Amino acid sequence: EDYPIQHLNCLNIQETFRFPLNMFTVQEYVKEYVDYVLIPNGMIKDRVEKLAQDIYSNYRNEKQLSCVIILDGADLYFNDLLNCMRRLISFDKSQLQLSFDYVKVSQHIDDHSPIEQKLPNLKTENITGKNVLIVEDIYDRGHSMQKVLKIFGDLQPKSLKVSVLLHKKNPENLGYNWKADFIGFAIPDRFVIGYYMDYNKLFREIPHLCVLNQNGIEKFKVQPRKYSKNLEESPKKEEKSIQTKVISNNSNSG
């Protein structure tokens, strides 16, 4: 592989690393839209447990940790991470206090990254002067993460670290020369679904991480709005309805 992974402290999933669908429990109706299982659910769970140990080890002597979860794709990843960390805190009788906030950046439309980053529900009192861990499902092109880091950095946290379940080996993100502090897997440059990661709000319920095939990409692509005769009759009204639809389509993922 041409993508450099020496600096990534994670499991490297190579292009040839793939499992046939008929060897796993996958909903019947999604099989025609999935090429193969990239990472089975059990492997994800085991890796998340190790990430929880690494994160806890980093903060065990601190009094607090503010976790900020990027919705919606990171939701399941954080839930599993949180359960593991709570067990560690309880077993170790640690004084570490966890707090968490959910923020929505924007939604992937088709196989494109979000085009804007807005964090309207961010609670700044949980960021400024605090240890902050951003939890994200996937680091892809890199544009969104760099903007998110700028927003949080401007709020002057005591420390700022990032955990991503997946670091995609996308050549486009190499220009940023950045990696998360805690990474689950480095994966091929493929569009992945499952484990609560979606394609236009679909396929979240697949338990494993799978690669979406071209059939699925085309079938569930968001169709551009077709203009009607009403556009000529009432341009202002039509313009408003188009904007409303775009906002609705963009409310979702990570």
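Our subject is the structure that appears above.
Note that this is a predicted model, so its numbers are computed, not measured.

Engineer: Can you help me understand the packing of helix 1 (residues 41–59) against helix 2 (residues 75–92) in this one?
Structural biologist: The description of two packed helices rests on the angle between their axes and on the distance between the axes. Running from N to C, helix 1 and helix 2 cross one another at 50 degrees; their axes reach a closest spacing of 9 Å. The angle between helix 1 and helix 2 falls in the class oblique. Considering how the two elements wind past one another, helix 1 and helix 2 form a crossing that is right-handed. Contact with helix 1, carried on its side by Lys 45, Val 48, Glu 49, Leu 51, Ala 52, Gln 53, Ile 55 and Tyr 56, involves Tyr 77, Asp 80, Leu 81, Cys 84, Met 85, Leu 88, Ile 89 and Asp 92 of helix 2 and no other residues of that element.

Engineer: Mind showing me how you'd approach the pairing of strand 4 (residues 97–104) here?
Structural biologist: Consecutive side chains of a regular strand alternate in pointing toward one face of the sheet and then the other. Pairing of strand 3 (residues 64–71) with strand 4, which is carried by eight bridges, proceeds in the parallel orientation. Of the residues in strand 4, the one forming a bridge with Cys 67 is Phe 100. Between the parallel elements strand 3 and strand 4, the chain passes through helix 2 in a crossover that is right-handed.

Engineer: Would you take a moment to explain helix 3 (residues 143–154) for this structure?
Structural biologist: Residues lying three or four places apart along an α-helix face the same way, a consequence of the helix completing one turn every 3.6 residues. For helix 3, with 12 residues, the first-to-last C-alpha span of 17 Å sits near the 16 Å given by 1.5 Å per residue. Backbone geometry just after helix 3 places Gln 156 at a positive phi near 55 degrees.

The rules behind each value
Residues numbered from 1 in each chain as written. Predicted model: local features only at pLDDT ≥ 70, side-chain atom pairs only at ≥ 80, totals over all residues. Heavy atoms only, no water. Axes fitted to C-alpha atoms, helices over the stretch in contact; angles between N-to-C directions. Helix = DSSP H or I, 4+ residues; strand = E, 2+ residues; numbered from the N terminus. Parallel < 35°, antiparallel > 145°, perpendicular 65-115°, else oblique. Left-handed = near helix turned anticlockwise from the far one by under 90°. Contact = heavy atoms within 4.5 Å. Pairing = 2+ DSSP bridges. Right-handed = clockwise from strand over helix to strand, strands pointing away. Expected span 1.5 Å × (residues − 1).

These results come straight from atomic positions and should not be treated as a statement about function.
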